[in-house]
Every structure is written in C-alpha cells, then in structure tokens.
Amino acid sequence: MANVRFDAVRKVYPNGHVGVAGASFDVADGELLVLVGPSGCGKSTLLRMVAGLEAITSGTLSIGGRVVNDVAPKDRDIAMVFQSYALYPHMSVAENLAFGLKLRGQPKAEIAARVAEAAQMLELGAVLDRKPGQLSGGQRQRVALGRALVRQPQVFLLDEPLSNLDAKLRSGMRVEIARLHRKLGTTMIYVTHDQIEAMTLGQRIVVFRDGEIQQIDTPMALYEQPDNLFVATFLGSPAMNVLRGTLQRDAAGEGGGWRFVVDDGLSLALGAAPLPGDWHGRTLDLGIRPEHLQPTGHGDAALSPLVEVVEPVGSEVFVNLRIGDHALVARLPPERVPVPGETLPLRIPVERVHFFDIDTGTRLAH
Ligand SMILES: Nc1ncnc2c1ncn2[C@@H]1O[C@H](COP(=O)(O)OP(=O)(O)OP(=O)(O)O)[C@@H](O)[C@H]1O
Ligand SMILES: [Mg+2]
C-alpha cells in the first residue's frame, strides 16, 4: 500500500493544450479518492500520468514516497481499470485473469491461487472457462477488475470503470467496488464524470474543471460548503437553483428585512436575515438547493411560482416551477403532490441560502 503525492503536476500536450494546469494534493495510504469533473476537464490525463502512460510536463509525482516521474509503468506497482474493459477476446476468463501474472513470470501455483481468490471475491467462479464475448456487461467489468486485483498493486487506478453499464448494474457495481476497497484497504483513485458516483463512492472528492482543481473535501462538506458556484451546481441532482439579483435592505434600517430583487417580476423576501450591512445594493448570485425550498402559506411566502411539470420518483417529487423568466426546481416529500397549473407558495430559509460573487464565482461567507 502507498500514498500518492501530486506536487504541481502539470501536463501540456504537444499541441500546446493544457490538460492539467498544475495539481497539488495527496491521496492518503488506503484512501478511496474520487476525481470528478465534466468531460474534457483532464481527469484521464491526470490518472494516466499516475499510471505512467502519459509523460509529466513539470512537477513531481510520488507513489509511496518514491518520485516516479521517470519510472516505467510496469515498475510503478499500480494497476489500472479502463472504461473499455480491454479484455483479450480469444482468452477465457481464467486466462484473462492470469495473463499479467504469467507475463511477469510468476510461479504457476501462485498464479492459480491468486486467480482463484479474485474469482471468489468477484463471484466469477462459474464463468472462468467462458470467453469475454459470452459474458454480460457486468461480468466483463468484474473480469477487468479481477485482472487488476490479481496484481496486488500498491495503488488501483480506475477510469470510468462503470460507464458502459446500465443504471441498475452500475449502482450494484458501485457497492461492490466500495466493498472491495474496504476489504483490501488498497489506495484507489477513481475517475468519473458522474457526480452521484463521486458522492456515494469517494471518501474525499477532487472536483476538477478545465485542468484545474476547484475543491477537495469529503462529499458532504463539498455539498454543504462549496467554495464556488461551479462546485455548488456540479454536485447535487437536481442542481442547485441560482438567481442573479441585487440585495436590498428595507428602509426600516438596522434589523429591517432584506429583499433579493431579481427583476421587476421577482423579488424575494428574505426577512431579517443576518447579512453584512454593506451588502445592501450588492449584485450577487443566490443559490438554494431544491430540497431547501419549503412550501408554506401565502402569508409568509418569499415567492409563489407556477407549477409546470411534476416528476414523482417514488421517495420524493421533483417539482419544476416557473416565475416570470425563471425556472426553479423544488424537491418535496411525496405526501402532497402539486398539480401543474397551481401556484406553490414557497419560503426560502435564509440559513440555507448561498451567495456567490458574480465575477469570481466565489462563495461569500454570511
Ligand atoms: N494527445 C492529446 N493532445 C492534445 N490534447 C489532448 C490529448 N489528449 C487529450 N487532450 C485534451 O485534453 C483535455 C483533457 O482530456 P482528458 O481525456 O483528460 O479529459 P477527461 O476529463 O478524462 O474527459 P472525459 O470525461 O470525456 O473522459 C481535453 O480537452 C482533450 O481534448
Ligand atoms: Mg476520461
């Protein structure tokens, strides 16, 4: 087992494109760290640098305290699982699992023992004689995992290993990977663009955008205290509601109520919110998560949007709302399902509101 340390690790492709703009962070020994971000943000580039499949332009990468910038992939003691499985089609499952070990000249008995262990752990015992073409997608993915497992590496690298699976299988395999990690205790770096996968699997998550780290923290800390608007809207489904407007304090002065004026048709009453006095007149982005919009009586509603579309998902209901030009989503318990066409008076608990600087996107403390 080993930790992985990134120190200003940067990748510039030969055509000048900056894949990773300089990343510094540590993956602890035994940690399951998830790297998440939209397509093209540089996740695979970063992982491939750890694997040694991509040269590092500058900075230092260490595995287990050893600088590996110039160490060949096969000498890094890592194993990588790809989205595309990359199984050998003409070999049986057992041969696929054994292949890497054979190549390294491991003794036959040792290979057999490791293959048997991996097959048992991943429940592949019944399909060891089949070819990959005779397996389901989930079984193929398990063989790909097994092939990494038998190597007993210091670090596992997984690049979108579940994205070829259907939704149900994916959530099943997610649990399996978490279980595997708990059992083995091996350091894992897991790349995905799926924020649900990141939230459910990661002990810590690195949020990536355009080659740059946005924030590193535990899933709940990222969700509750996002550093900026990008992190706030990337994590969470449905996404956080965002409105741009100007804060105004009623003439009543100190202790008076605050309003957030979006436009002529929409002005949110925030009540006697404990906001810095000098925010009066400031234009900001206001963010509120769908689960924090609270149905209320007409008397103390901050806004009364029109219900447009209702999406019941069983355990809860996503209610798509419209007010003027603005679309919002509320996430409500299934007890009372609103009907399209009705107005839904909502309260905005100010302690649940986030404010973001409109130029930098930085979340402002209040
Ligand atoms: N060999 C290359 N030469 C130039 N640019 C490249 C090369 N390989 C990748 N890129 C670019 O670098 C950026 C990061 O690519 P990367 O594959 O790391 O993204 P990603 O986050 O893994 O995306 P996805 O979620 O789609 O897999 C992309 O804009 C990509 O087009
Ligand atoms: Mg990728």
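Note: the structure precedes this text.
Report follows, based on the coordinates.

## A short note on the overall build of the chain
Scanning the chain for helices and strands turns up 8 helices and 21 strands. In terms of principal-axis extent, the alpha carbons of the chain reach across some 85 × 45 × 35 Å. Burial status across the chain gives 48% buried among its 366 residues. Sequence-distant contacts in the chain: of pairs separated by 6 or more residues, those separated by 24 or more amount to 64%. Of the roughly 17,000 Å² of accessible surface on the chain, 49% is carried by carbon and sulfur atoms. Of the charged side chains in the chain, 37 are positive and 41 negative; the average position of the first set lies 9 Å away from that of the second.

## Points about empty space enclosed by the protein
Under the criterion given, the structure shown has 1 cavity of 30 Å³ or more. In this structure, the largest cavity spans a volume of roughly 30 Å³. Lining the largest cavity are Leu-145, Leu-149, Phe-156, Leu-158, Leu-180 and Met-188. Residue assignment for the lining of the largest cavity shows that the elements contributing at least two residues are α4 (137-149) and β7 (155-159).

## A few points about the pattern of salt bridges
For the coordinates displayed, the defined rule picks out 12 salt bridges. Across the salt bridge formed by Arg-48 and Glu-54, the nearest N and O atoms sit 3.2 Å from each other. Beyond isolated ion pairs, a larger network of salt bridges with shared partners links Lys-11, Arg-48 and Glu-54.

## Examining unusual backbone geometry
Look at the link from Ser-237 to Pro-238: it is a cis peptide, with omega at -5°. Considering the arrangement of structural elements, one finds Pro-238 in the loop between α8 (229-234) and β11 (241-249). Notably, Ala-8 is not glycine yet its phi reads approximately 50°, a positive angle. Along the chain, the position of Ala-8 falls in strand β1 (residues 4-12). Even without a glycine there, the phi angle at Asp-210 is positive, about 45°. Looking at where Asp-210 falls in the secondary structure, it is placed in the loop between β9 (204-209) and β10 (212-217).

## What about helix α2 (residues 93-103)?
Of the residues making up α2, those classed as buried are Val-93, Asn-96, Leu-97, Ala-98 and Leu-101. In this structure, the buried residues of α2 make contact with α3 (108-121) and α4.

## Some remarks on the environment of Leu-222
Summarising the element assignment, Leu-222 is placed in helix α7 (residues 219-224). In sequence terms Leu-222 and Val-36 are 186 residues apart; their C-alpha atoms lie 12 Å from each other. Contacts of Leu-222, omitting those with residues within four sequence positions, involve Ile-205, Val-207, Gln-215, Ile-216, Asp-217, Val-231 and Leu-235.

## Observations concerning the environment of Pro-226
Mapped onto the secondary structure, Pro-226 falls in the loop between α7 and α8. For Pro-226, a relative accessible area of 0% corresponds to the buried category. Counting along the chain gives 205 residues from Pro-226 to Ala-21, while the straight-line C-alpha distance between them is 21 Å. Sequence-distant contacts of Pro-226, defined by excluding residues within four places in its chain, comprise Gln-215, Ala-221, Val-231, Ala-232, His-354 and Arg-363.

## Quick word on the pairing of strand β4 (residues 58-63)
As judged from the 5 bridges shared by β1 and β4, these two strands associate in the antiparallel manner. Bridge pairing in β4 places Arg-10 opposite Ser-58. Note: β4 against strand β5 (residues 66-67), 2 bridges, orientation antiparallel. Each bridged residue has a counterpart across the sheet, and for Ile-63 the counterpart in β5 is Arg-66. Between β4 and the antiparallel strand that follows it, β5, lie 2 residues; Gly-64 among them carries a positive phi value of about 60°.

## Quick notes on helix α1 (residues 43-51)
α1 sits mainly inside the fold: 7 of its 9 residues count as buried. Of the residues trailing α1, Gly-52 is marked for its positive phi of about 90°.

## Examining the layout of surface pockets
Approximately 530 Å³ is the volume found for the largest pocket. Lining of the largest pocket is provided by 21 residues; of these, Ala-79, Met-80, Phe-82, Arg-147 and Arg-151 occupy positions nearest its centre. Of all the elements in the fold, those that place two or more residues in the lining of the largest pocket are β6 (78-81), α2 and α4. Residue composition of the lining of the largest pocket, by class: 15 nonpolar, 2 polar and 4 charged. Of all the secondary-structure elements, those providing two or more residues to the lining of the second largest pocket are α7, β20 (354-357) and β21 (363-364). Ranked by residue count, the leading element in the lining of the second largest pocket is α7, at 3 residues. Here the lining of the second largest pocket is composed, by residue class, of 6 nonpolar, 3 polar and 5 charged. Each of two domains, domain 1 (4-229) and domain 2 (241-364), supplies a minimum of three residues to the lining of the second largest pocket.

What counts and how
- Residues numbered from 1 in each chain as written.
- Chains lettered and ligands numbered in written order.
- Predicted model: local features only at pLDDT ≥ 70, side-chain atom pairs only at ≥ 80, totals over all residues.
- Heavy atoms only, no water.
- Helix = DSSP H or I, 4+ residues; strand = E, 2+ residues; numbered from the N terminus.
- Buried < 20%, exposed > 50% of the residue type's maximum accessible area, 1.4 Å probe, protein only.
- Contact = heavy atoms within 4.5 Å.
- Areas by Shrake-Rupley, 256 points an atom, 1.4 Å probe, with all protein chains shown as cover.
- Lys, Arg positive; Asp, Glu negative; His and termini not counted.
- Charge placed at Lys NZ, Arg CZ, Asp CG, Glu CD.
- 1 Å grid on protein atoms, 1.4 Å probe; cavity = no way out; pocket = protein on both sides within 12 Å on 5 of 7 lines; lining within 4 Å.
- Points joined across faces, edges and corners; volume = space filled by probe spheres on them.
- Salt bridge = Lys/Arg side-chain N within 4 Å of Asp/Glu carboxyl O.
- Pairing = 2+ DSSP bridges.
- Nonpolar A, V, L, I, M, F, W, Y, C, P; charged D, E, K, R; others polar.
- Domains from an automatic or database assignment.

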